[in-house]
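# Chain and residue survey
Here's the letter readout for the chains.
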Amino acid sequence: MNTDDDLTDRIIAAIDAVDGAHPAVPMGLQNSRWLPWNAGSAAVDLGASAVEVRVVATTLPLPPLLEQLDAAVRPVLAGTRWAETGLRVHVVDLHVDVFEESDADHSPGP
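## Considerations on the pattern of salt bridges
Within this structure, the stated rule accounts for four salt bridges. Close ionic contact of D4 with R81 constitutes a salt bridge, the shortest N to O distance being 3.2 Å. Of the two residues, D4 is situated in helix α1 (residues 4–16) and R81 in the loop between α2 (62–77) and β4 (86–94); the sequence distance between them amounts to 77 residues. Overall, the relative accessible area of 36% leaves D4 in the partly exposed class. The salt bridge involving R88 is made with E52; its shortest N-O contact spans 3.2 Å. Taken as a pair, R88 in strand β4 and E52 in strand β3 (residues 50–57) lie far apart in primary sequence, 36 residues in all.

Following this line, the structure appears as structure tokens:
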């Protein structure tokens, strides 16, 4: 039997498997192994009308990355009550490496 927590963990694993993105975790929870739950679950909302995931992009351009994320997460939703709902992928941050790769003439900061 699949629980919502199991599904969330599988969605997080699907996101982690995509090169160029990772689940967006609130500040302070990125390396918190002491939590009794997967901090990545903060990046997934299983809503009544849509599944929403928040990611940090580590590569550009975004459209192909979003297609890869959709292709990774959709099969996880198959066979669940969210199989036919919308999937919304929110890129909430860009990793600094995105800028280093795209423009070698500019520094991301001090």
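Resuming the write-up.
## A few points about the nonpolar core
If you look at the biggest cluster of nonpolar residues, it comprises 19 residues, and the most contacted ones within it are I11, I15, V51, L69, V73 and L77. Breaking this core down by element, the ones donating at least two residues are α1, β3 and α2. What I11 contacts, discounting residues up to four positions off in sequence, is V44, L46, V51, V53, V73, V76 and L77.

## Some words on the environment of R10
Within the secondary structure, R10 sits in helix α1. For the pair R10 and V76, spaced 66 residues apart in the sequence, the C-alpha separation amounts to 6.7 Å.

## Some details on the side chain of T85
Locating T85 in the fold gives a position in the loop between α2 and β4. Looking at T85, the relative accessible area reads 13%, which means it is buried. A distance of 2.9 Å separates a polar atom in the side chain of T85 from the backbone oxygen of W82. Setting aside residues up to four positions removed in sequence, T85 forms contacts with A48, S49, A50, V51 and R74.

## Description of the side chain of T80
Following the sequence through the fold, T80 ends up in the loop between α2 and β4. By relative accessible area, which is 17% here, T80 ends up buried. Here the side chain of T80 touches L77 through a polar contact of 2.6 Å, landing on its backbone oxygen.

## Description of the packing of α1 against α2
Relative to each other, α1 and α2 sit at 155°, their axes nearing to 9 Å. As far as their axial angle goes, α2 and α1 are roughly antiparallel. α1 and α2 meet at a crossing whose hand is right-handed. Contacts between α1 and α2 pair L7, R10, I11, A14 and I15 from the former with L69, A72, V73, V76 and L77 from the latter. Of the residues belonging to the contact of α1 with α2, the class tally is nine nonpolar, no polar and one charged.

Calculation notes
Along every chain, residues carry numbers that run from 1 in the direction the sequence is written. Totals for whole chains, interfaces and linings use all residues, but because this is a predicted model, local features are given only for residues with pLDDT of at least 70 and pairs of side-chain atoms are given and counted only at 80 or more. To obtain the side-chain values, all non-hydrogen atoms of the structure were included, while hydrogens and water were left out. Whenever a carboxyl oxygen of Asp or Glu lies within 4 Å of a side-chain nitrogen of Lys or Arg, that contact is scored as a salt bridge. Per the convention used, a helix needs a DSSP run of H or I reaching at least four residues, while a strand needs a run of E reaching at least two, with both numbered from the N terminus. Burial here depends on accessible area, computed with a 1.4 Å probe over protein chains only, as a share of the maximum for the residue type. Under 20% is buried, over 50% is exposed, and the range in between is partly exposed. Only buried residues count toward a nonpolar core. Its members are Ala, Val, Leu, Ile, Met, Phe, Trp, Tyr and Cys residues joined through side-chain atoms within 4.5 Å. Should any heavy atoms of two residues lie within 4.5 Å, those residues are considered in contact. Whenever two N or O atoms come within 3.5 Å, that pair is a polar contact, provided that in protein one can donate a hydrogen and the other can accept it, and provided that, for residues adjacent in sequence, both atoms are side-chain atoms. To get an axis, fit a line to the C-alpha atoms, keeping to the stretch in contact for a helix; angles then go from 0 to 180 degrees between the N-to-C directions. Throughout this description, any angle smaller than 35 degrees is read as roughly parallel, any larger than 145 degrees as roughly antiparallel, any in the 65 to 115 degree range as roughly perpendicular, and the remainder as oblique. What makes a crossing left-handed is the near helix being turned counterclockwise from the far one by less than a right angle; a clockwise turn instead makes it right-handed. Here the term charged refers only to Asp, Glu, Lys and Arg, the term nonpolar to Ala, Val, Leu, Ile, Met, Phe, Trp, Tyr, Cys and Pro, and the term polar to all other amino acids, Gly among them.

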